Amino acid sequence: MRVIWLTLVLLLSGCAYQAQQAPSGSWQAQRATLTQLQDWQLSARLGIITPDERGSLSLFWRQDSDDYRLNLTNVVGKRVFDLSRRRGTIQLTDSEGQRHTAGNARDLVFRLTGWDLPVEQLAYWIKGLPGEADRVDYDADGRPRTVQAHGWQLTYLGYTRIRGLWLPSHLSLTHGDTTLRLAISQWEFEA
């Protein structure tokens, strides 16, 4: 009986040790790589649902370390707005070509469009990287499935493997009466 008990304890401790080590190619093993991925770009469809409107837009996002350019166009290719951060300055160019600046991208977008877009957090969430204080539920492969943070509820609806990295392909974000749906069609980065 003592031998069975000792064997069971050894097996359980071995399982616990293996469970802490991420298998090669898993999301947990790639988290450090995803965190260091600072230069990337993507193309996507963005659905925005508010009490006052529903719309579908094309999104182009280029991230260069802390700087970015986020461009939204409507279904006929007309610019809705172009939002950028360069050397700490946030600028939005609207559909009329007027330039607006502010210290906070989320507030600027909301003031000019009425849309609540968590631009700074989205740069991480879009890669599948929740923040340290975010509440996260993981899927069977250890990837974020849901995230609650800053009043937002994120649901990762799909992942795709690109150059050995698991990256989100579909996300749904809800905050109050605003829902964003993101379908990423193309990722580009140096691997």
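It should be noted that the structure appears before, not after, this text.
Residues numbered from 1 in each chain as written. Predicted model: local features only at pLDDT ≥ 70, side-chain atom pairs only at ≥ 80, totals over all residues. Heavy atoms only, no water.

Chemist: Describe the layout of surface pockets, with residues and values.
Modeler: Here the largest pocket defines a volume of roughly 210 Å³. In this structure, the largest pocket is lined by 13 residues; those nearest its centre are Q63, S65, D66, A123 and Y124. The element contributing the most residues to the lining of the largest pocket is helix α4 (residues 119-125), with four residues. When the residues that make up the lining of the largest pocket are grouped by side-chain class, the tally is six nonpolar, three polar and four charged. Every residue along the wall of the second largest pocket is listed here: R31, T35, E120, Q121, Y124, W125, L129, P130, G131, E132, D134 and H150. Elements that contribute at least two residues to the lining of the second largest pocket include exactly α2 (27-36) and α4. Take the lining of the second largest pocket: its biggest share by element is four residues, from α4. In the lining of the second largest pocket, the residues fall into four nonpolar, four polar and four charged. (1 Å grid on protein atoms, 1.4 Å probe; cavity = no way out; pocket = protein on both sides within 12 Å on 5 of 7 lines; lining within 4 Å. Points joined across faces, edges and corners; volume = space filled by probe spheres on them. Helix = DSSP H or I, 4+ residues; strand = E, 2+ residues; numbered from the N terminus. Nonpolar A, V, L, I, M, F, W, Y, C, P; charged D, E, K, R; others polar.)

Chemist: Describe the sheet that holds strand β7 (residues 135-138), naming the residues involved and giving the relevant values.
Modeler: Through backbone hydrogen bonds, the strands of a sheet pair up, either in parallel or in antiparallel fashion. Read from one edge to the other, the open sheet built from 11 strands follows the order β6-β5-β4-β3-β2-β1-β11-β10-β9-β8-β7, with strand pairing classed as antiparallel. Strands with a single pairing partner mark the edges of an open sheet, and in this sheet they are β6 (99-102) and β7. Direction aside, neighbouring strands of the sheet carry axes that sit 20° apart on average. (Pairing = 2+ DSSP bridges. Axes fitted to C-alpha atoms, helices over the stretch in contact; angles between N-to-C directions.)

Chemist: Give me the lowdown on the packing of aromatic side chains, citing residues and values where you can.
Modeler: Aromatic rings in a pair are described by how distant their centres are and how their planes are angled relative to each other. Tallied over the full model, the rule gives five aromatic pairs. Where W40 meets W187, the ring centres are 5.5 Å apart and the plane angle is 55°; that geometry is what we call tilted. Of this pair, W40 sits in strand β1 (residues 39-49) while W187 sits in strand β11 (residues 178-189), and the two are 147 residues apart along the sequence. Of the residues examined, W40 reaches a relative accessible area of 1% and is grouped as buried. Residues Y156 and Y159 carry aromatic rings whose centres are separated by 5.8 Å and whose planes lie at 25° to one another, so their mutual orientation is stacked. Owing to a relative accessible area of 15%, Y159 belongs among the buried residues under this scheme. Joined through ring pairs, the aromatic side chains of W40, W61, Y68 and W187 make up one cluster. (Phe/Tyr/Trp six-rings, centres within 6.5 Å; stacked < 30°, edge-to-face > 60°. Buried < 20%, exposed > 50% of the residue type's maximum accessible area, 1.4 Å probe, protein only.)

Chemist: Tell me about unusual backbone geometry, and please be specific about residues and values.
Modeler: The phi torsion at S65 lies on the positive side, around 60°, for a residue other than glycine. One can find S65 in the loop between β2 (54-64) and β3 (67-73). At H150, a position not held by glycine, the phi torsion is positive, near 55°. Structurally, H150 is set in the loop between β8 (144-149) and β9 (152-162).

Chemist: Pulling in residues and values, what's your account of the pattern of salt bridges?
Modeler: Side chains carrying opposite charge are able to pair once their charged atoms draw close together. Overall, the coordinates contain six salt bridges when judged by the stated rule. R106 is the salt-bridge partner of D116, the closest N and O atoms lying 2.6 Å from each other. With D116 in the loop between α3 (105-113) and α4 and R106 in helix α3, this residue pair connects regions lying 10 residues apart in the sequence. D116 gets classed as buried once you look at its relative accessible area, which sits at 10%. (Salt bridge = Lys/Arg side-chain N within 4 Å of Asp/Glu carboxyl O.)

Function cannot be read off these values alone, since they describe shape.
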